[in-house]
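Now for the letters of each chain:
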Amino acid sequence: MKLGRLNHVGVAVPSMHDAIAYYREVMGASLITAPFDMPEQGVKVAFVNTPGEAGTAGTQIELIEPLGETSPIAGFIAKNPAGGQHHLCYEVADIEAARAWFTAQGKRILGPTRIGAHGTPIFFLHPKDMLGQLTEIMETPRGDH
Ligand SMILES: CC[C@H](C(=O)O)C(=O)SCCNC(=O)CCNC(=O)[C@H](O)C(C)(C)COP(=O)(O)OP(=O)(O)OC[C@H]1O[C@@H](n2cnc3c(N)ncnc32)[C@H](O)[C@@H]1OP(=O)(O)O
Ligand SMILES: [Co+2]
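The written sequence of each chain sets the order in which its residues are numbered from 1. Chain A is the first chain written and ligand 1 is the first ligand written, with later ones labelled in order. With the structure being a predicted model, the display of local features is reserved for residues of pLDDT at least 70 and the display and counting of side-chain atom pairs for 80 or more, all residues being used for whole-chain, interface and lining totals. The side-chain quantities take in all heavy atoms of the structure and omit both hydrogens and water.

Section: the UniProt feature "domain: VOC" (unreviewed entry) in the protein
1) Next: Feature annotation in UniProt assigns "domain: VOC" (unreviewed entry) to the following positions: residues 5-140.
2) Next: For the purposes of this entry, the term helix denotes a DSSP run of H or I that reaches at least four residues, the term strand denotes a run of E that reaches at least two, and both are numbered from the N terminus. Taken end to end, residues 5-140 has its terminal C-alpha atoms 9 Å apart, with 19% of it in helix and 37% in strand. UniProt positions are given in the numbering used here, feature names are shortened, and annotations may be inferred rather than shown by experiment.

Structural data, given as structure tokens:
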């Protein structure tokens, strides 16, 4: 398997409104998307774009707020009421080949491959198998290869 770019760092937050204000006012972020709901994933999402190298998109901060009673990040916020770094997301060229690779490596894959916030297939790997980091694998959007 070939590691691709770090697409985003997921940051769980108790309040999307306050988190966006922080990134705009304290961190000087100018390119922040409007929040959008992903009920099927149990989160409200917004992206903070950081500057990239000339001509390339920078790694994003993915702000995620629990959405609904069964949000997979409700437990994380309960344990970390101020929020915190939640996951890392790396890009790969072929999501199914990556799934087969990590399975062969004995890493626990959390649930089915599904469509993530960038509209491409993703899956998650258990933090306990990944140096303590909840790890998201995402197929590189077509046209970005
Ligand atoms: C998909 C849209 C968007 C995108 O980019 O496209 C997103 O990224 S949405 C992100 C939200 N979705 C997910 O995170 C799905 C995968 N996550 C899960 O299935 C759960 O969060 C899980 C299984 C990682 C943890 O679930 P839960 O918190 O209910 O379980 P435990 O409390 O029992 O945790 C078990 C064990 O893992 C430690 N833990 C939990 N979360 C994290 C984390 N984010 N990073 C590192 N470690 C984590 C927790 O402390 C427990 O450890 P222990 O030593 O046993 O206390
Ligand atoms: Co993510």
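Thoughts on unusual backbone geometry
1) Next: One non-glycine residue with positive phi stands out, namely Leu-131, at about 55°.
2) Next: Along the chain, Leu-131 falls in the loop between strand S7 (121-125) and strand S8 (135-139).

A few points about the site of ligand 1
1) Next: Throughout, the term near means that a residue has one or more heavy atoms lying within 4 Å of the molecule or strand in question. Residues in close proximity to ligand 1 total 22 residues, the closest being Glu-62, His-86, Ala-117, Lys-128 and Glu-136.
2) Next: Between His-86 and ligand 1, the recorded distance is 2.9 Å, taken from a backbone N or O atom to a nitrogen atom.
3) Next: Here Ala-117 contributes a backbone N or O atom positioned 2.7 Å from an oxygen atom of ligand 1.
4) Next: Considered on its own, ligand 1 offers 1,100 Å² of accessible surface; in the complex 70% of this is hidden by protein.
5) Next: Whether a set of points on the 1 Å grid over the protein atoms alone is a cavity depends on a 1.4 Å probe fitting there but being unable to get out, while an open set qualifies as a pocket with protein on both sides within 12 Å along at least five of seven lines; lining residues are those with an atom within 4 Å of a point. The rule for placing a molecule in a cavity or pocket is simple: more than half of its atoms must lie within 2 Å of the grid points. In this structure the site holding ligand 1 corresponds to the largest pocket.
6) Next: Secondary structure elements with two or more residues in the shell around ligand 1: strand S4 (60-66), helix H2 (74-79), strand S5 (84-92), strand S6 (109-115) and S7.
7) Next: Among the residues making up the shell around ligand 1, the classes are represented as 11 nonpolar, 6 polar and 5 charged. Contacts described as polar in this section are N or O atom pairs within 3.5 Å, which, within protein, must combine one atom able to donate a hydrogen with one able to accept it, while residues neighboring in sequence count only if both atoms come from side chains. In these tables, accessible area is a Shrake-Rupley quantity obtained with a 1.4 Å probe, and a residue counts as shielded only by the protein chains included in the view. Residues are grouped as follows: nonpolar covers Ala, Val, Leu, Ile, Met, Phe, Trp, Tyr, Cys and Pro; charged covers Asp, Glu, Lys and Arg; every other residue, Gly included, is treated as polar.

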